[in-house]
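# Structural description and commentary
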Amino acid sequence: MKKLLSTAALLGLVLCAPAQAVQFNGATTSGASIGTDYSEAGLISFDLDLADLQAVRFSYTLGLEDLSSPLNFNGILRNYTGTGLTDLSLTLGGASFSFIGTVDRNFGGSSTISLNGSGASALLHFNSPEYLDTTLGNPLAQNGLVNWTINTAGLHAGDALSLTVATPVPEPGTFAMMFAGMGLLGWTAARRARR
Amino acid sequence: MSNPVSTPRRQILKGSSAAIAAAFAGPITAMAGRVEAATCAAATSSVLLDSPYGAVAPVNDLTTGLPLIELPPGFSYKSYGWAGDVMADGLVTPGSHDGMGVVVSRRVGRSNEVILVRNHERSNGSNPADIIGSGRASVAKYDTGRTASGLTGYQQGGTSNLIFRDGDWVSSYASFGGTYRNCAGGSSTWGSWLTNEEIRSNSVSDTGKRHGYVFEVPADTSLTAASTTPIIGMGRMAHEACAIDPATGYWYLTEDQGNANTLYRFRPTNANGGLNSLQAGGQLQGLKVRNVQNADMRSPTLCQEYAVEWVDIANPDQDGVTLASVVGSVSASGPYAQAYANGAAIFGANEGCWVANGTVFFTDKQVTTSPARAGRIWALDLATSTLKAIFVSNDITVGNSPDNMCISPRGGVLFCEDGGNTGPNSGPAVTAQRLMVVHPNGGSYIFAKNNYNVTALQAAAIGKPNAATGNHRNTEWCGSCFSADGRVLFANLQSPGITLAITGPWANGTL
């Protein structure tokens, strides 16, 4: 029990019982990007202002209200790096994507999305370099845009969930292997937190 | 991903991302200082350089699919607000797009929003219905009367406001009318645009109104209408651009009156700023070269420097006169005649003006073949009162008649050409006007070219049957300004009257 409380303290939780809705536990990076969280019950949502190409990891704790149906995901990625983005990966720790929604490049342009074998990582490829903003899903309730969803089967209230945004460099084969490993690490951390 | 043991991770705070835009632009604004301390080439005038962005080529407009302009590799653009388009208020977009400025950059909920005010440099005509906002009480109008001589007729110039949100154009509407040839202007630091009439005139309309003044247009005229009271303290003259120094609240202004103009400084009585604060008046002054009466500034060498000071102008609303100047008999505004009498300098025909990093940048667009002159750009260091010629074109291929200009948040110097094929030229005929960049070493390079050449069939196909047709490549660029985060460049093609939003790999060059 003491270990759980100290873990809870590290995560900044103040309730003894699992929260009803998803709780944002912060984001980490070795760069200067800024994330703003807009999550609510049944929805993971954030804005990410990319200042550089360092990966950014958003961490959450799931609540009861997040598990009754697929968990929605949306977000806005803003490119302040000064360089064009050609690829972005979105990697879940502790879950997998069940539905890939829309990707809207606000200034124009197209993109393709591929999932790795486990479905935990989506690779976004911009068909021309992206210099401005990209909307994932439908954070602003606009016509024609559709949220992504996260598979919550087998998850429980209090489980940890993470989503890492990165600019991948390796070849596709290596990419699939690398992000599957990262997802495993994330899942291990979640199970440790529940013990 | 970093090794969690060997690489420290930083917790990101939730909260406003305005800080990131500031962080993005902050370290790079120091580049503006590079222009002042430029290691100029040994040449006495600027030369045309290869662009670090690469050669320009026609690029299709993301809005219409037409190749309206030429850009370097990787850049794209969206057109909007074509003359003749119906605006959000049901009025038709006026033509003659000209100076323009970003007046508000903000986060609205999760959206990034930019508000611009755009000038329409329309002159006068016989039909009062052509006054911008005619019949619409919500559009403030300065002069709905008729001038019998000089600016004969009704004044058809004014402004429209535009909204750009999350990478897309959203709407536009008429915001001010009843003025004459709103050429350039300047953005305040409190969310408004000063729109400037470009006319030296002593005429009075039948409503008792004179012209040649500066007016203020708010970012949202549905909340606060533009004031119809001119900012008389800034002078009655053929105004061009103006720019505020955020450090002092002083404004710097240019005048487009051939061989009878200098750079002006306006020190407002109300130093706090704010909407309509400039109407409290202030002290208008003209630039003078220290220890030199009426210095002729039209033919500097590249990097030539002058120590300068300011002379007072007692009556900013004095009528214009014919002035016996040291350079000949000239038509002079009242403010300039007074400044000249106090020793003010003489420039060719000043146009664009911008303040960045404690420096006032302004253009002299005058073009002559003998002597060979095609335009100058000056930088006034406010801390040292040193004026330096940072761009000297004596050949139109290097840059022809620099008009509106801006400094990017990264310190890059961009100007709009307005010279066409007129002027001293050692190369092939100029067939398209350009957006040009002044390199920190005093040279120039091409950033974009006007490529507008649209047939009636093409215009109809894009749903703009009233759009101008034919070859307009050799018409002027204007209204260049960057978004506060430096990611989008806005600009106008005056004829046919189109507004553009341009983005791309800015980091590849000096913008």
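Scroll up a little and you will see the structure.
I will try to describe carefully the structure that is included in this document. Predicted model only: the values in this text are computed from it and were never measured. (Residues numbered from 1 in each chain as written. Chains lettered and ligands numbered in written order. Predicted model: local features only at pLDDT ≥ 70, side-chain atom pairs only at ≥ 80, totals over all residues. Heavy atoms only, no water.)

### Things to note about the overall build of chain A
- In terms of regular secondary structure, chain A is built from two helices and 13 strands.
- Counting every position in chain A, which comprises 195 residues, the buried fraction comes to 50%.
- Sequence-distant contacts in chain A: of pairs separated by 6 or more residues, those separated by 24 or more amount to 74%.
- In the structure as shown, chain A presents an accessible area of about 8400 Å², 59% of it carried by carbon and sulfur atoms. (Helix = DSSP H or I, 4+ residues; strand = E, 2+ residues; numbered from the N terminus. Buried < 20%, exposed > 50% of the residue type's maximum accessible area, 1.4 Å probe, protein only. Contact = heavy atoms within 4.5 Å. Areas by Shrake-Rupley, 256 points an atom, 1.4 Å probe, with all protein chains shown as cover.)

### As for the layout of surface pockets
Residues and elements named next belong to chain B.
- A volume near 900 Å³ is recorded for the second largest pocket.
- Around the second largest pocket, the lining is made up of 43 residues, and of these Val 102, Ser 187, Trp 354, Val 355 and Ile 407 lie nearest the centre.
- Looking at the lining of the second largest pocket, the elements that each hand over two or more residues are α1 (18-29), β5 (97-108), β13 (182-187), β16 (239-244), β23 (350-356), β27 (402-407) and β33 (477-482).
- The element contributing the most residues to the lining of the second largest pocket is β5, with seven residues.
- Tallied by class, residues from the lining of the second largest pocket come to 24 nonpolar, 19 polar and no charged. (1 Å grid on protein atoms, 1.4 Å probe; cavity = no way out; pocket = protein on both sides within 12 Å on 5 of 7 lines; lining within 4 Å. Points joined across faces, edges and corners; volume = space filled by probe spheres on them. Nonpolar A, V, L, I, M, F, W, Y, C, P; charged D, E, K, R; others polar.)

### Some remarks on the packing of aromatic side chains
- Taken as a whole, this structure holds 28 aromatic pairs over all chains when the rule is applied.
- Between Phe 97 of chain A and Trp 148 of chain A, the ring centres sit 5.3 Å apart and the planes meet at 70°, which makes this aromatic pair edge-to-face. Here Phe 97 of chain A, found in strand β7 (residues 96-99), pairs with Trp 148 of chain A, found in strand β12 (residues 148-151); they are 51 residues apart in sequence, far enough to count as distant. With respect to burial, Phe 97 of chain A and Trp 148 of chain A carry one shared label: buried.
- Members of the aromatic cluster, joined through ring pairs, are Phe 24, Phe 46, Phe 58, Tyr 60, Phe 73, Phe 97 and Trp 148 of chain A.
- Across from the ring centre of Tyr 142 of chain B, 5.0 Å away, lies the NZ or CZ of Lys 209 of chain B, which sits over that ring. (Phe/Tyr/Trp six-rings, centres within 6.5 Å; stacked < 30°, edge-to-face > 60°. Lys NZ or Arg CZ within 6 Å of the ring centre and 35° of its normal.)

### Describing the pairing of strand β3 (residues 43-50) of chain A
All names here are of chain A.
- Among the eight residues in β3, eight count as buried, and that is most of the element.
- Burial of β3 is two-sided: the residues Leu 43, Ser 45, Asp 47 and Asp 49 facing one way and the residues Ile 44, Phe 46, Leu 48 and Leu 50 facing the other way are all buried.
- Pairing analysis gives four bridges linking strand β2 (residues 34-37) to β3, with the strands arranged antiparallel. Paired with Thr 36 across the two strands is Asp 47, which belongs to β3.
- Between β2 and the antiparallel strand that follows it, β3, lie five residues; Gly 42 among them carries a positive phi value of about 80°.
- Where β3 lies against strand β5 (residues 71-79), eight bridges are found, and the strand directions are parallel. Looking at β5, one finds that Phe 46 is bridged to Gly 75. (Pairing = 2+ DSSP bridges.)

### A look at the state of the cysteines
All names here are of chain B.
- In this structure the tally under the stated criterion is zero disulfides over all chains.
- The thiol of Cys 478 is not disulfide-bonded; the next cysteine sulfur, from Cys 416, is found 6.4 Å away.
- Classification of Cys 478 as buried rests on a relative accessible area of 0%. (Disulfide = S-S within 2.5 Å.)

### Some remarks on the sheet that holds strand β12 (residues 168-179) of chain B
Residues and elements named next belong to chain B.
- Strand order in the open sheet formed by five strands is β5-β6-β11-β12-β8, and the pairing between neighbours is mixed. Because the sheet does not close on itself, it has two edges, and the strands there are β5 and β8 (140-141).
- Here β8 pairs with β12 via two bridges, running parallel. Residue pairing in the sheet places Ala 140 in a bridge with Phe 176 of β12.

### What about unusual backbone geometry?
Residue and element names in this part refer to chain B.
- For the bond from Ser 370 to Pro 371, the omega torsion is 0°, close enough to zero to count as cis.
- By the secondary structure assignment, Pro 371 is in the loop between β24 (359-364) and β25 (375-381).
- Non-glycine residue Asn 259 carries a positive phi angle of around 60°.
- Counting through the fold element by element, Asn 259 comes out in the loop between β17 (251-255) and β18 (264-268).
- The phi torsion at Asn 294 lies on the positive side, around 45°, for a residue other than glycine.
- When you line up the elements, Asn 294 lands in the loop between β19 (282-289) and β20 (305-313).
- Here Asn 294 falls in the buried class, since its relative accessible area comes to 12%.

### Considering the environment of Arg 265 of chain B
All names here are of chain B.
- Along the chain, the position of Arg 265 falls in strand β18.
- Linking Arg 265 and Pro 428, residues 163 residues apart in sequence, is a C-alpha distance of 40 Å.
- Sequence-distant contacts of Arg 265, that is, excluding residues within four places in its chain, are made with Tyr 250, Trp 251, Tyr 252, Gln 283, Leu 284, Gln 285 and Trp 310.

### Regarding the sheet that holds strand β14 (residues 192-197) of chain B
All names here are of chain B.
- Reading across from one edge, β13-β14-β15 is the order of the three strands in this open sheet, with antiparallel pairing throughout. Both outer strands of the open sheet, β13 and β15 (214-218), are each paired with one neighbouring strand and no more. Neighbouring strand axes in the sheet, compared pairwise and without regard to direction, differ in orientation by 30° on average.
- Where β13 meets β14, four bridges bridge the pair, whose relative direction is antiparallel. What sits directly across from Asn 182, in β14, is Glu 197. (Axes fitted to C-alpha atoms, helices over the stretch in contact; angles between N-to-C directions.)

### Side note on the pattern of salt bridges
All names here are of chain B.
- The full count for this structure, using the stated rule, is 22 salt bridges over all chains.
- In this structure, Arg 165 and Glu 113 form a salt bridge, with 2.7 Å as the shortest nitrogen-oxygen distance. Of the two residues, Arg 165 is situated in strand β11 (residues 157-165) and Glu 113 in strand β6 (residues 111-120); the sequence distance between them amounts to 52 residues.
- Among the residues examined, Arg 165 registers a relative accessible area of 29% and is labelled partly exposed. (Salt bridge = Lys/Arg side-chain N within 4 Å of Asp/Glu carboxyl O.)

### Examining helix α3 (residues 334-341) of chain B
Residues and elements named next belong to chain B.
- The buried fraction of α3 is high, at seven of eight residues.
- All of the buried residues along α3 are Gly 334, Pro 335, Tyr 336, Ala 337, Gln 338, Ala 339 and Tyr 340.
- Of the surrounding secondary structure, the elements contacted by the buried residues of α3 are β17, β18, β19, β20, β21 (321-325) and β22 (328-332).
- Measuring from the side-chain oxygen of the N-cap residue of α3 to the backbone nitrogen of Tyr 336 gives 3.2 Å; that N-cap residue is Ser 333. (Polar contact = N/O pair within 3.5 Å; in protein donor to acceptor, adjacent residues only side chain to side chain.)

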